[in-house]
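An overview of the molecular structure
In case you want the letters, here they are:
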Amino acid sequence: MNKKLLFKFIHVFPLLFFALLTYLISRKLIGGIVSTGDFPYFWPFSNVSSFSAWSTSYLGYDRASAMSGLQILTFIPKIFSKLGFSNESASYIHNYGLVYLCSLLYFFVVKKVSKNTILAYFAGLFIILNNFVLEHFLVWPGIIFYSLIIYGITLSICYDIHEKGLNLNKITLIIFLSFFHLHPFYFIINLLFLFVFAIYYSSINPKSSSKKQLFAYFITLLLGVIFIQSYWLTPFIRNIFISSSSQVYGSGSQFGVFSGYLQSINYVNLLNLYHYPGTVGIKMHGGLLQSFFYFYLLILTVFLFINNKAKNNSWIIFLFLNLLIFFNLALGPISKLTGGIWMYLYEKVSPFGFFRSFSRFIILYLVIFIFLFTFLFKNWKNKYKNYFLLLTILLLIISNTIFFSGDLGGFIASAKLPKEYISVNEKYFQKDQSQYNILTLPNIPYESYIWFFADKKTRSGEYINQSTYFRELFFSKPVVYNRYAVNLDFRNDLFKSFFKYGKEFKFPGNFSQIIDGLNVKYILVQKDLINVLENNIPVPVKKYINYFNKDSGFILKENNKSFALYENKGYLPIVLMSDMQFIKVNDTKYILFIKNLKDKESLSFLQGYNEQWKLYLQSNSDDKKCKSIKYYENVQTTECKSVEQKIDREELSYLYKNTIFDDTHKLVNQYANGWTINPDYIKQNFSKKLYKENPDGSIDIKLTLYFQSQSYFYLGIIITSIMIFSCFAYLGIRVVKNKNISLI
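Right, let's walk through the structure included here.

**Comments concerning the packing of helix α15 (residues 289–307) against helix α19 (residues 385–398)**
Contact geometry of α15 with α19 gives a least axis separation of 9 Å together with a crossing angle of 155°. Classed by the angle they form, the pair α15 and α19 counts as roughly antiparallel. For the element pair α15 and α19, the recorded crossing hand is left-handed. Of α19, the residues touching α15 (which contributes L289, F292, F293, Y296, L297 and L300) are F388, L391, T392, L395, L396 and I398. Here the contact of α15 with α19 is built from residues that sort into 11 nonpolar, 1 polar and no charged.

**Re the sheet that holds strand β4 (residues 479–480)**
Pairing in this open sheet of 5 strands is mixed, and the strands run β4-β3-β5-β9-β8 from one edge to the other. Edge positions in the sheet fall to β4 and β8 (554–559), since each of these pairs with one other strand and no more. Direction of pairing for strand β3 (residues 437–441) relative to strand β5 (residues 520–526): parallel, over a ladder of 5 bridges. Its bridge partner being in β5, T440 is matched across the sheet by L524. Relative to strand β9 (residues 563–568), helix α20 (residues 419–429) is tilted by about 15°, and along the sheet it contacts β3, β5, β8 and β9.

**Digging into the pattern of salt bridges**
Counted by the stated rule, this structure contains 13 salt bridges. As a salt-bridge pair, K589 and E651 come within 3.0 Å of each other at their nearest N and O atoms. On the criterion of sequence distance, the pair formed by K589 in strand β12 (residues 589–597) and E651 in helix α25 (residues 649–653) is long-range, its members being 62 residues apart. Between K614 and D662 there is a salt bridge, and its shortest N-O distance comes to 3.6 Å. Remark: D662 occurs in the loop between α25 and β17 (666–668) and K614 occurs in strand β14 (residues 613–618); sequence separation between them is 48 residues. Owing to a relative accessible area of 32%, D662 belongs among the partly exposed residues under this scheme. Shared partners join several salt bridges into a network, and the residues in it are D160, K164 and K170.

**Digging into helix α10 (residues 230–242)**
Given 3.6 residues to a turn, an α-helix orients residues that are three or four positions apart in the same direction. Its 13 residues place the ends of α10 18 Å apart at the C-alpha level, agreeing with the 18 Å of an ideal helix rising 1.5 Å per residue. Three or more residues of α10 are buried, namely S230, Y231, W232, L233, T234, P235, F236, R238 and N239.

**What about the state of the cysteines?**
Counting across every chain of the model gives 1 disulfide. For C626, the disulfide goes to C640, at an S-S distance of 1.9 Å. Here C626 and C640 share a disulfide; its torsion about the S-S bond, -85°, makes the bridge left-handed. Taken together, the positions of C626 in the loop between β14 and β15 (628–632) and C640 in strand β16 (residues 637–640) put the pair 14 residues apart, joining distant regions of the chain. For the pair C626 and C640, a shared accessibility class is recorded, and that class is buried.

**Examining the nonpolar core**
Core analysis: the biggest nonpolar cluster contains 209 residues, and Y106, F126, F145, L148, F373, Y421 and I523 have the highest contact counts within it. For this core, the element with the highest residue contribution is helix α18 (residues 362–379), accounting for 15 residues. Other than its neighbours up to four places away in sequence, L148 contacts C102, Y106, I127, V133, I363, L366 and V367.

**Concerning the packing of aromatic side chains**
Taken as a whole and assessed by the stated rule, the structure comprises 114 aromatic pairs. Seen from their ring centres, W315 and F375 are 6.1 Å apart, and the 75° between their planes marks the pair as edge-to-face. In this pair, W315 sits in helix α16 (residues 314–331) while F375 sits in helix α18, placing the two residues 60 residues apart along the sequence. Here W315 and F375 have matching classes, each one buried. A cation over a ring is seen here: R471 above Y481, with NZ or CZ 3.9 Å from the ring centre. A cation over an aromatic ring shows up here: K630 above the ring of Y632, its NZ or CZ 5.1 Å from the ring centre.

**Focus: the packing of helix α4 (residues 117–126) against α19**
Relative to each other, α4 and α19 sit at 20°, their axes nearing to 10 Å. Taken as axis vectors, α4 and α19 run roughly parallel relative to one another. Remark: the crossing between α4 and α19 carries left-handed chirality. Here α4 contributes I118, L119, F122, L125 and F126 to the contact with α19, which in turn contributes N386, L389, L390, T392, I393, L396 and I397. Considered class by class, the residues forming the contact of α4 with α19 number 10 nonpolar, 2 polar and no charged.

Calculation notes
Residues numbered from 1 in each chain as written. Predicted model: local features only at pLDDT ≥ 70, side-chain atom pairs only at ≥ 80, totals over all residues. Heavy atoms only, no water. Axes fitted to C-alpha atoms, helices over the stretch in contact; angles between N-to-C directions. Helix = DSSP H or I, 4+ residues; strand = E, 2+ residues; numbered from the N terminus. Parallel < 35°, antiparallel > 145°, perpendicular 65-115°, else oblique. Left-handed = near helix turned anticlockwise from the far one by under 90°. Contact = heavy atoms within 4.5 Å. Nonpolar A, V, L, I, M, F, W, Y, C, P; charged D, E, K, R; others polar. Pairing = 2+ DSSP bridges. Salt bridge = Lys/Arg side-chain N within 4 Å of Asp/Glu carboxyl O. Buried < 20%, exposed > 50% of the residue type's maximum accessible area, 1.4 Å probe, protein only. Expected span 1.5 Å × (residues − 1). Disulfide = S-S within 2.5 Å. Core = buried A, V, L, I, M, F, W, Y, C linked by side-chain atoms within 4.5 Å. Phe/Tyr/Trp six-rings, centres within 6.5 Å; stacked < 30°, edge-to-face > 60°. Lys NZ or Arg CZ within 6 Å of the ring centre and 35° of its normal.

Pasting the structure below:
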């Protein structure tokens, strides 16, 4: 009995150990909303649509180049909500549940390969306690843990292929796993590694009889990995050919991102796994102990490599070469070996702007290093080697004590959301069927709140605030405000003054007219903002409150310590034209019923101008589907209740359907879309089946307003779905047919 208990304890202890590790890292964050840097919490009721290539916030922008991972990141909070979890619990589990799974995975993979439990604990600790992860706890923790987990499994499968041979089971499993790389850069890294592995494996299997089969296997693997990511790759690739580099890679911020990485990256920083602009990890440590640990680990690895006579082991050589390859790629333009070529491609080839955050390649260096160290240590013939390993673990822990503070020394915090926000969203926005924007004031460069502020000094003596993207991802209606990276003030002369930051902002004389034309129904004046660029002082709001209180065109709806909410009486509908009814199907599709069209008239769509917004003439101008929810008397436009529509064949038909009035598509209000609708053109060029002619010669028509990039996203979704189903079906059939089969 004692032996059985001991056996169970040995197997359960790693689960408890790494659960304790996760708790120690994050214990001060429990009970609040964990929303870190660029990995924010996607509230389950927010306006963000995970299946839309167009975002309606910030007056609308093309999101076709940024669809990767969005479906999972928005879907998981909704699942937690359905299961009865609070938002606080859901955000914590999504962030730190992945930390736990990642450490466990590397423990079990290394234990299986090395048969050394101490080495397995080192791997499980080191994959978390390192500078790369430290920096990402402030930036994108969840996303990198998805990829760290998948890289770990992929490398273990590749080792199994090296030892036991290649088969379709392993190829299918790698293809399926690659779907969970939620960041495009990490997907590209995965694809590049698999390409290198294909070359390596083919070179160590020189028999000509198997060459054709190997070629077929690896073509299947590489194409499968690409096709399973088609949901974002299809609209992304299409956008590369129709948009400028800055449009594809983010609101003109490409150069700023590249410059930040260029200034921060050097050989020493990368060897210490610092890779993020500003090297926040250095601020968090502020000592030499961390650098000493990485120097010690490097020296130990070099010693093991020489001692093992690794040149006789092809797998170790493969790992070592990949270590060098991905370290060199992480250096980008500063590489002594390939920096010149890199810079030439960046300056001359627009799509190469994708690699502006070049140091992200270091993620695979970290994973390969763990695998390389594992195999070198496994082969080391020294009876005292476990003592060296225990010393290494000790150095790892004492050089990373900041992890065990529970909040990274005050650099991260969880938010206690004021209940007023939940209440106002439920009362005014969540159930409101009409389409409009919420204008939030004041504008500040970085969205930051008193209630999301770490109110103690960090180890570096600084106060830290988390950037949350709260407004965009919380409210059930689209928001309009200016911040860095969005840069609304760059769009036109009107916005240059209208969206000025803080003290520079002044109410223009035609303020009401401007926000009417921005489809703004509500103005939210936030009293709980702080400015991180001005010593974290509260942002003054008195001038905003005074202005709206004095103007009779605005009605005060809510007033509390967090914000004041005003309703704008005269806002315009999102689509407007006289004698028109419109139905919003989703963010990328609107159905328009235009009646009594006798002469040329202007149609306006109050979302950011984009050439991909197209008009299609449809049959059946019957407007019985319109259930009126609001009539805008000032523009004689009726807004109908939204209708949900599933993906069907019609969505793909917009890839080849003929559009109408493209030549009249123009910029209106300095930011929005406008067309001239000509009834004579319709009569002269289209069958009467597509319009209804009235006794007075006017016509009734039905138009579809559609964002064409959405069809490419739907096409990609179909391909991805087919790939996922095929992988499940194949692996399922193999397991059912042979219950003892090992997929790897």
